Structures are given as structure tokens and as C-alpha cells.
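Residue-level structure breakdown
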Amino acid sequence: SRLRRLGLMLSCCHSPSHLALMDVRGFDPRDVTVCVKDGKVTMAAEHKEEHNSALGKTCSYRRLVKEFSLPPVVDDDVSYCC
């Protein structure tokens, strides 16, 4: 269940006070990116689908972005994206 998975994530986290969760249901893991830059963590998920049918072409687009400031004890010179 979702509550059990959340409990497992919290118990294995080294610093639960610095844990951030983002609900990315409906997104493929390849649609999700995490960047650390200038003292902030940015988590983004973006998905685009195109379908062709006899009536024409349809397109759906979803995007979700959350940004968090890092605690002051974190090195500001760190930049990382994946």
C-alpha cells in the first residue's frame, strides 16, 4: 500500500527532516528530473502524449514542478541534475 511504501522511505532516509516527497502518479520515471543548483532542489515531471485517430490528432501535456530551498548547512557550490 502507499502508506507502507511511505513508511519504508521514511525509515531508510538518513535525515528525515530533509525529506521531500512529490506525487508523480501518471508519470513515467523517465519523465521525472531532479536538479540541485544555487541552494535549491527542483523536482519536475513532464509528459506529452499524441494520438492520431480518424477524427484527427489529439495531444495531452502534463507538467508538475516543485522547488525547495536547501538548509543553510548544505554546500551552495553543489550543482547536480539527473
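Scroll up a little and you will see the structure.
Bear in mind the structure is a predicted one, so any value in this text is a computation, not a measurement.

Next up on the list: the overall build of the chain. When its secondary structure is counted, the chain shows one helix and four strands. Residues classed as buried in the chain amount to 12% of the 82 residues present. A separation threshold of at least 6 residues defines the contact pool for the chain, and within that pool the share at least 24 residues apart is 41%.

This part is about unusual backbone geometry. With a phi close to 50°, Asp38 is a non-glycine residue in the positive phi region. On the secondary structure map, Asp38 appears in the loop between β1 (32-37) and β2 (40-53).

With that settled, consider the pattern of salt bridges. The full count for this structure, using the stated rule, is five salt bridges. With a closest N to O distance of 4.0 Å, Glu46 and Arg63 form a salt bridge. You can see Glu46 sitting in strand β2 and its partner Arg63 sitting in strand β3 (residues 56-69), a full 17 residues away along the chain.

Before going further, it helps to spend a moment on the nonpolar core. One finds Met22, Phe27, Val36, Val41, Met43 and Ala45 forming the largest nonpolar core, which totals six residues. For Val41, the residues in contact, after removing those within four places along its chain, are Val34, Cys35, Val36, Lys66, Glu67, Phe68 and Leu70.

So, about the pairing of β3. Looking down a regular strand, the side chains alternate between one sheet face and the other. Pairing analysis gives 14 bridges linking β2 to β3, with the strands arranged antiparallel. Looking at β3, one finds that Thr42 is bridged to Glu67. The hairpin formed by β2 and β3 contains two residues between the paired strands.

Summarising the sheet, β1 and β2 pair through six bridges and their orientation is antiparallel. Following the sheet pairing, Thr33 is matched in β2 by Ala44. Linking β1 to β2, which pair antiparallel, is a turn of two residues; within it Asp38 sits at a positive phi near 50°.

Rules and cut-offs
Residues numbered from 1 in each chain as written. Predicted model: local features only at pLDDT ≥ 70, side-chain atom pairs only at ≥ 80, totals over all residues. Heavy atoms only, no water. Helix = DSSP H or I, 4+ residues; strand = E, 2+ residues; numbered from the N terminus. Buried < 20%, exposed > 50% of the residue type's maximum accessible area, 1.4 Å probe, protein only. Contact = heavy atoms within 4.5 Å. Salt bridge = Lys/Arg side-chain N within 4 Å of Asp/Glu carboxyl O. Core = buried A, V, L, I, M, F, W, Y, C linked by side-chain atoms within 4.5 Å. Pairing = 2+ DSSP bridges.

Read these as spatial facts, not as claims about activity.
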